[in-house]
Amino acid sequence: MDNIKFIEGGITAPKGFKASGIHCGIRRNKTKRDLALILADNQCSAAAVVTTNVVKAAPIWLTLENLKDGYAQAILVNSGNANACAPGGMEAAKACVETAARVLELKPSDIIVNSTGVIGQPLPTTTITDAIPELVSALSCDSQPTAEAIMTTDTFSKSAAVECEIGGKKIIFGGIAKGSGMIHPNMATMLAFLTTDCNISPEILREALKDSVNRTYNRISVDGDTSTNDMTAILASGTAGNPQITKKGADYDAFLMALNAINLKLAKDIAKDGEGATKLITCKVNSAGCEEEAAALAKSVISSSLVKAAMFGSDANWGRVLCAMGYSGAGFDPAKVDVSFSSKTGRIGVCKQGMGLAFDETLAKAILSRSEVIIEIDLNSGVQSAEAYGCDLTYDYVKINGDYRT
């Protein structure tokens, strides 16, 4: 990580990218931006990882079709309407892409498209297409309007940028994301869009993105629901001038490390911003036999409604942690498990070799009352480890989702 530095700039930090975000009228609140565009100066290597939900929104299918050749130059996104399970969904998605292509003087197949918002409602196509000239005119190096335009129930925009060195050249990555509820990736209504000026082939870019998503976005959970619209997409312009990365090796490893850094930052922001959430919960599983086992256990713990509710109440109910581990499907020996809770207040052990420890309940409550809490699990069975990220389950989550459409 010594080679990686977080910088300012967001999605437009890499060379050759501009972006915009405007209010076009999908959302009734005129102060809410609802249409976003990311544009590269040249055609880019491109890749996307999308939801595993069998029910996929129309834009997902169109993007997968457009990315078959491994190249794209623009990303068009609207919020306020998911264009999922909606009458005329594919026709609407195509109309938006075709209009954007005409205004941008691109091929429709060079545009990645996605939507986020209410499911089942027809997409107001003309509202979007009529606004595309304004959206294009608003393109700039300011990434903040773009980050805001993809938000739905998010309480803050999510943006990041990093730089590193690859092949003797400075490489920059930029990214924005949205996500607050319906988050349980194998992907979730989470969207993430990334840019880089690295020179990398479409084939190896696709492999790197898939690997990174599995280690970052697929290790977060807010509420156990996997969305119809989840997508992480990346454009790589190649303008940094490094020798093209076409196979695994030192340059690929450096690329993947930087990609993981920016994706992990955005993934943690999504988990922290869970609907109604008051705490970011990190579950660290150490001394496992294999990384996959550790990841499955960590994800099961942070996905447990009972664990999440206990964290909301600052209740050191470690039995719920072991319970969640037990139905994860991962193999482990319960008699070897140690559990502790920690935060900026301190650290306290609550379970040793599968059995409860006497501990100070007042100290435990103080530790769990912080805004960021760590559940640390030692399997004492190997040398591998993994982390997963989630949030607490609060009264406000039910309030938000009880009247989401209204």
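About the thresholds
- Residues numbered from 1 in each chain as written.
- Predicted model: local features only at pLDDT ≥ 70, side-chain atom pairs only at ≥ 80, totals over all residues.
- Heavy atoms only, no water.
- Phe/Tyr/Trp six-rings, centres within 6.5 Å; stacked < 30°, edge-to-face > 60°.
- Helix = DSSP H or I, 4+ residues; strand = E, 2+ residues; numbered from the N terminus.
- Buried < 20%, exposed > 50% of the residue type's maximum accessible area, 1.4 Å probe, protein only.
- Salt bridge = Lys/Arg side-chain N within 4 Å of Asp/Glu carboxyl O.
- Axes fitted to C-alpha atoms, helices over the stretch in contact; angles between N-to-C directions.
- Parallel < 35°, antiparallel > 145°, perpendicular 65-115°, else oblique.
- Left-handed = near helix turned anticlockwise from the far one by under 90°.
- Contact = heavy atoms within 4.5 Å.
- Nonpolar A, V, L, I, M, F, W, Y, C, P; charged D, E, K, R; others polar.
- Core = buried A, V, L, I, M, F, W, Y, C linked by side-chain atoms within 4.5 Å.
- Pairing = 2+ DSSP bridges.

Undergrad: Would you mind showing me how to read the packing of aromatic side chains here?
TA: Each aromatic ring pair is characterised by the separation of its centres together with the angle its planes make. Counted under the stated rule, the structure contains one aromatic pair. Between F173 and F255 the ring centres are 5.1 Å apart and the planes differ by 55 degrees, which places this aromatic pair in the tilted class. Highlighted residues: F173 in strand 7 (residues 169–178) and F255 in helix 7 (residues 250–272), separated in sequence by 82 residues. A residue is classified by how much of its surface remains accessible, and F173, at 1% relative accessible area, is buried. According to the relative accessible area criterion, F255 is buried, its value standing at 0%.

Undergrad: In this structure, what is going on with the pattern of salt bridges? I would like to understand it.
TA: Opposite charge on two side chains permits pairing when their charged atoms draw close. Tallied over the full model, the rule gives eleven salt bridges. The salt bridge partner of D154 is K158, with a shortest N-O separation of 2.7 Å. As far as the burial class goes, D154 and K158 line up, both buried. Linked through salt bridges whose partners overlap, the residues forming this network are D211, R215, R219 and E291.

Undergrad: Can you help me understand unusual backbone geometry in this one?
TA: When glycine is set aside, most residues are seen to have a negative phi, and most peptide bonds are trans. Residue E105 is not a glycine yet carries a positive backbone phi of 60 degrees. Residue placement: E105 occurs in the loop between helix 2 (89–104) and strand 5 (111–118). Of note in this structure, N380 is not a glycine but carries a positive phi near 50 degrees. Residue N380 is classed as partly exposed on the basis of its relative accessible area, which comes to 41%.

Undergrad: Is there a simple way to think about the packing of helix 8 (residues 291–303) against helix 10 (residues 318–326) in this case?
TA: Between two packed helices, the angle of one axis relative to the other and the distance separating the axes together describe the packing. Here helix 8 crosses helix 10 at 130 degrees, and the two axes come no closer than 8 Å. Considering their axes alone, helix 8 and helix 10 lie oblique with respect to each other. Considering the relative orientation of helix 8 and helix 10, their crossing is right-handed. Residues L297, S300 and V301 of helix 8 form the contact with helix 10, whose own contacting residues are V321, A324 and M325. Grouping the constituent residues of the contact of helix 8 with helix 10 by class yields five nonpolar, one polar and no charged.

Undergrad: I'm lost on the nonpolar core in this one. Help?
TA: Soluble globular proteins: nonpolar side chains tend toward being buried together. The biggest cluster of nonpolar side chains holds 40 residues, and the ones touching the most others in it are F173 and F255. The set of elements that each furnish at least two residues to this core consists of strand 3 (35–50), strand 6 (158–166), strand 7, strand 8 (191–196), helix 6 (202–215), strand 10 (231–236) and helix 7. Considering every element that reaches this core, the biggest residue donor is helix 7, with twelve residues. What F173 contacts, discounting residues up to four positions off in sequence, is P14, A160, A161, V162, C164, T195, T196, F255, A258, L259 and I262. C283, I302, M311 and C351 belong to the second-largest nonpolar core, a separate cluster that totals 36 residues.

Undergrad: For this particular structure, what's the right way to read the side chain of S201?
TA: Position of S201 relative to the elements: it lies in the loop between strand 8 and helix 6. Its relative accessible area of 7% is what places S201 among the buried residues. Apart from the residues within four sequence positions on either side, S201 is in contact with S45, Q244, I245 and T246.

Undergrad: Help me understand the environment of A101 in this model?
TA: One can find A101 in helix 2. Among the residues examined, A101 registers a relative accessible area of 2% and is labelled buried. When the C-alpha atoms of A101 and M151 are compared, they prove to be 24 Å apart, with 50 residues separating the residues in sequence. Ignoring sequence-local partners within four residues, the contact set of A101 consists of L106, K107, P108 and I111.

Undergrad: Explain the sheet that holds strand 15 (residues 372–378) here, please?
TA: Strand pairing in a sheet is mediated by backbone hydrogen bonds. Such pairs are either parallel or antiparallel. An order of 9-16-11-15-12-13-14 is seen for the seven strands of this open sheet, with the pairing classed as mixed. What marks the edges here is a single partner per strand, and that holds for strand 9 (220–221) and strand 14 (355–356). Note that strand 11 (residues 280–288) and strand 15 share seven bridges and pair parallel. Within strand 15, the position partnered with L280 by the bridge is E372. In the packing of helix 8 onto the sheet, the strands contacted are strand 9, strand 11, strand 15 and strand 16 (384–391), and the crossing angle to strand 16 comes to about 20 degrees. Taken strand by strand, helix 11 (residues 361–368) contacts strand 12 (338–343), strand 13 (346–352) and strand 15, and its axis lies near 120 degrees from that of strand 13.

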